[in-house]
Amino acid sequence: MCGIAGITGGDLAVCQEALKSMLSMLRHRGPDDFGLYNDGRAALGHTRLSIIDLAGGRQPMSNEDGSVWITFNGEIFNYIELKDELSRKGHRFSTNSDTEVIVHLYEELGDGCVTRLNGQFAFAIWDKNRSELFIARDRLGIRPLFYSSHAGRFYFPTEIKALFAGGPLPREIDPAALDEIFTLWCSVPPRTAFKGINELPPAHWMKIRDGAVSSVKRYWDVPLGEEPLDISIEEAADGLFDILSDATRLQLRADVPVGAYLSGGLDSSITAALITKITGAGPHTFSVAFEDGAYDESGFQHEMARHLGTEHHEVRCSYSDISGVFPEVVWYAEKPVLRTAPAPLFILSRLVRETGLKVVLTGEGADEAAGGYDIFKEAKIREFWAREPESRLRPLLLKKLYPYLSAFQGQSDAYREAFFNGGLSDVSDPLFSHRPRWQTTSRLKAFFSKDLLAENTSGPEERLKSLMPRGFGGWRALARAQYIETAGLLPGYILSSQGDRVLMGNSVEGRYPFLDHRVVEYCARLPLRHKMRGLDEKHVLKRMARGMLPASILKRTKQPYLAPDSKSFFAGGKAPDYVEELLSEGSLKDYGYFDPGSVGLLVKKCRRGAASGFRDNMALVGILSTQLLHNMFIAGFEGRAARGRDAAGLRAPATAAS
Amino acid sequence: MHDKIREFIFENFLFNAEGSALDNDASFLETGIIDSTGMLELVNWIQETYGFEVDDTELVPENLDSVNRLAIYIDRKTQAATRVSG
């Protein structure tokens, strides 16, 4: 796992320093080594975290004759099989790295190479003969890749901070992105939080000639719209076990030890159990525990660790631990977040690194693939309700939603019904499943300043809708909801703010067996009834895990991973100095995104410990993270970039040029 | 009574101390002022402010879903409490 960066377009002889400045902001992603390539037409850079072929995998790397150069971030898990295949076709390899496999596969298949890769990747290939830059990103969006065009040049890095450090690019938060994040919880690709900075969307490649984008293509999609397989639940569980076991086996490939996260829930327990089964020994396991018992799952985590006989490590987070690292988390996330949940995971990856490990397997992706989220149940109940408006089962079904939310459970049947029936029963609406959530979230915009509100006129929901695949409106509600989660929040929040960025902030690589594309494709083709049986979520996964996990883990009520939000900043009524400063009337007025009067009332409510609902907590965290983003990336960026250059140690670069 | 309810709604759900155009008959649910988790907060405030218990059977939009409905409900409950204690 690494950081990559590059520039193409115009005369690049002058760009060596710019490229070094970009790399200086990516040293956390690659503390082990770095390298540069610059032939005057393309400049590629790389910072390396060595995991496969520790001695031979230096980058940028080329083919035999130096006509194809690559800078690559990620892992190709099937590189051994691909190397065998390519060797038989006459390709000569000089390293044992997965990087070199991509180079030769590109020589063989051109842009089609991406369809053969099983992995998590973002890379750039400079094809000298074609004078073309080819950039690509993995299917699910595990690894980030951003780009921007400015003054005839095309820039790309793994993190946005590198763009700002390397080029004379304007730094401005995009009001449309705030509109999207304060509705959908993430921006709609290719939009990022910053104006003029784009992300390459998951499962896409792009070609760049003469500094300008010449073509872009989506090369893969989740087959949720296909006809489901006609198989029994037993066959489905057996099939899933085989593919998931193989995915885990491949993802254990590394020349360093691999650990595992344990949340106490089903998915990461399965991942850790499969590692134990494959390797014959329990891995090092890592968990987040909370001092606030409402969030703590350490009882289940300890039980699972004992069951597998792992060497278990734990961080126990207090409110002040969370508020203490929150600014750093926003620095790495590079976008506003509506929850503090990324912060404990940042603290956890620090523990992984301190333990001496740099790779962990986690359970991310299972909820999306196998139908685990409560929003899927919600959609199913609302779909049933619309079909059978007179059913007496309705109140009973609604009460099964959100069993962990006391504020929801404490309501009367009449209120639950009234909330979900508020003009939201149009099943033919393609975004039916998510409308109540988005409507609730978009109420946060009441805190926007008049200026910000005036800038936003078109709806984020409609922008998201325009990205849905052909025929989407005809799918069942559960399949549509799965797609929205997999294409939207998974890359836009779970794998970025709560995944790659908080892991790589401490130079740790995450791997995700449930996100092996074969697992995702297989689950997408399963009959919906095997995923959600009645209202039993992830039914096929539980069936598969029988005998692998203790009954208490297998049968426990699903609890989503959450962390204390406003309490983390206002425990005891006193907030850390940076919170007081950034939420003060002066800072709010100065930055201009939020209405100081409204935020003042919210802060007052948080300070007296009365912010109990989702909306207040999301508002507080969203406002604070936006203020932090502005503070670090707009107002105070130069100082941070200068410190990054000083600390990066790039004074004796390993330069390759041809 | 109406002013007190409006002040609470403005300061805790609308976050607008200056007061804005809130119709006393507007449904809190339909206008999104109160979401799926906000109702208990409202109930807690009623209980703390007016000193009576809100019974589970009274947790219905007919009693709680607008400024006017709340005023009528609170009025009825406080008068009943006065009659009992008096």
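Here the residue index of a chain counts from 1 through its sequence in written order. For this description, chains carry letters from A and ligands carry numbers from 1, given in the order in which they are written. Whole-chain, interface and lining totals are the exception, using all residues; otherwise, since this is a predicted model, local features are given only for residues with pLDDT of at least 70 and side-chain atom pairs are given and counted only at 80 or more. The side-chain numbers reported here are obtained from all heavy atoms of the structure, hydrogens and water having been left aside.

## Notes on the overall build of chain A
Broken down by element type, chain A carries 30 helices and 18 strands. Taken over C-alpha atoms, the radius of gyration comes to 24 Å for chain A, in line with the 26 Å a tight globule of 658 residues would show. With the principal axes as the frame, chain A shows a C-alpha extent of 75 × 60 × 50 Å. When accessible area is computed with a 1.4 Å probe and restricted to protein chains, residues below 20% of their type maximum are described as buried, those above 50% as exposed, and intermediate ones as partly exposed. When each of the 658 residues of chain A is scored for burial, the buried share is 66%. In these tables, accessible area is a Shrake-Rupley quantity obtained with a 1.4 Å probe, and a residue counts as shielded only by the protein chains included in the view. Carbon and sulfur atoms provide 49% of the accessible area of chain A, an area that totals close to 22900 Å². Once the 80 positive and 82 negative side-chain charges of chain A are each reduced to a mean point, those two points are 2 Å apart. Helical segments are the DSSP runs of H or I of at least four residues, strand segments are the runs of E of at least two, and each set is numbered from the N terminus. Based on C-alpha atoms, the radius of gyration is set beside the globule rule, defined as 2.2 Å times the residue count to the power 0.38. This count recognises Lys and Arg as positive and Asp and Glu as negative, with His and chain-terminal groups excluded. Lys charges are placed at NZ, Arg charges at CZ, Asp charges at CG and Glu charges at CD.

## Let's talk about the sheet that holds strand 11 (residues 204-209) of chain A
Residues and elements named next belong to chain A. What the six strands build is an open sheet, ordered 4-5-6-7-11-12; its pairing is antiparallel. Each having just a single partner strand, strand 4 (61-62) and strand 12 (212-218) make up the two edges of the open sheet. By the bridge criterion, nine bridges tie strand 5 (residues 68-76) to strand 6 (residues 119-127) in an arrangement that is antiparallel. Across the sheet, the residue bridging to glutamate 75 is glutamine 120, located in strand 6. When DSSP locates at least two bridges between a pair of strands, those strands are taken to pair.

## Considering the interface of chain A and chain B
The parts lose accessible area when they come together, and the size of an interface is often stated as this lost area. The partner chain B presents 25 residues to the 26 residues of chain A that form the contact. Of all residues in chain A, Tyr415, Leu601 and Arg615 of chain A bury the most surface against chain B, accounting for 31% of the area lost on that side. The term salt bridge refers to a pairing of a side-chain nitrogen on Lys or Arg with a carboxyl oxygen on Asp or Glu at a separation within 4 Å. Where chain A packs against chain B, one counts two salt bridges. Of the charged contacts in the structure, one is a salt bridge between glutamate 41 of chain B and lysine 605 of chain A, with a shortest N-O distance of 2.2 Å. Residue contacts are counted whenever heavy atoms from the two residues lie within 4.5 Å of one another. Here the quantity called buried area is the total loss of accessible area, with a 1.4 Å probe, experienced by two parts when brought into contact, counted for both.

## A closer look at the nonpolar core
All names here are of chain A. Nonpolar core, defined: a set of buried Ala, Val, Leu, Ile, Met, Phe, Trp, Tyr and Cys residues in which side-chain atoms within 4.5 Å join the residues together. In this structure, Phe123 and Phe194 are the most contacted members of the largest nonpolar core, which totals 150 residues. At eleven residues, the largest contribution of residues to this core is made by helix 29 (residues 614-635). Residues within four places of phenylalanine 194 in sequence aside, it is in contact with Ile160, Phe164, Glu172, Ile173, Asp174, Glu334, Leu629, Phe633 and Ile634. By size, the runner-up hydrophobic cluster in this structure holds 39 residues, among which are Ala273, Leu274, Met304 and Met548.

## A word on the packing of aromatic side chains
Ring pairs (aromatic) are described by centroid distance and by the angle formed between their planes. Residues and elements named next belong to chain A. Pairing of aromatic side chains here covers Phe, Tyr and the six-membered ring of Trp, requires ring centres within 6.5 Å, and sorts the geometry by plane angle: under 30 degrees stacked, over 60 edge-to-face, intermediate tilted. The tally for this structure, following the rule as stated, stands at 28 aromatic pairs over all chains. On the numbers, 5.7 Å between centres and 35° between planes, the contact of phenylalanine 121 with phenylalanine 123 is tilted. A single burial state applies to phenylalanine 121 and to phenylalanine 123, both of which are buried. One aromatic cluster is present, formed by Tyr106, Phe121, Phe123, Phe134 and Trp205 through successive ring pairs. Only Lys NZ and Arg CZ are tested; either one counts as a charge over a ring when it is within 6 Å of the ring centre and within 35 degrees of the ring normal. Between the NZ or CZ atom of lysine 161 and the centre of the ring of tryptophan 331, over which it lies, the distance is 5.0 Å. In this structure, arginine 640 is placed above the aromatic ring of tryptophan 331, and the distance from its NZ or CZ to the ring centre is 4.5 Å.

## As for the pairing of strand 15 (residues 311-317) of chain A
With seven bridges joining them, strand 14 (residues 284-290) of chain A and strand 15 of chain A adopt parallel strand pairing. Opposite threonine 285 of chain A, over in strand 15 of chain A, you have histidine 312 of chain A as the bridge partner.

## Overview of the domain arrangement of chain A
All names here are of chain A. By domain assignment, chain A separates into domain 1 (2-220), domain 2 (233-369 + 486-555) and domain 3 (566-638). On a C-alpha basis, the centroid separation for the pair domain 1 and domain 2 is 27 Å. The contact between domain 1 and domain 2 buries some 3400 Å² in all, and 61% of this surface belongs to carbon and sulfur atoms. Run the count over domain 1 and domain 2 and you get six salt bridges. Two residues, glutamate 75 and arginine 511, come together in a salt bridge whose shortest N-O distance is 3.8 Å. For this analysis, a polar contact is any N or O atom pair within 3.5 Å, provided that within protein one partner can donate a hydrogen and the other can accept it, and provided that sequence-adjacent residues contribute only side-chain to side-chain pairs. For the pair domain 1 and domain 2, the interface holds 13 residue pairs in polar contact (both at pLDDT 80 or more). Breaking the side of domain 1 that touches domain 2 down by element, the ones donating at least two residues are helix 2 (79-88), helix 4 (160-166) and helix 5 (175-184). Looking at which element gives the most residues to the side of domain 1 that touches domain 2, the answer is helix 5, with four residues. Throughout the structure description, domain borders are defined by an automatic or database domain assignment.

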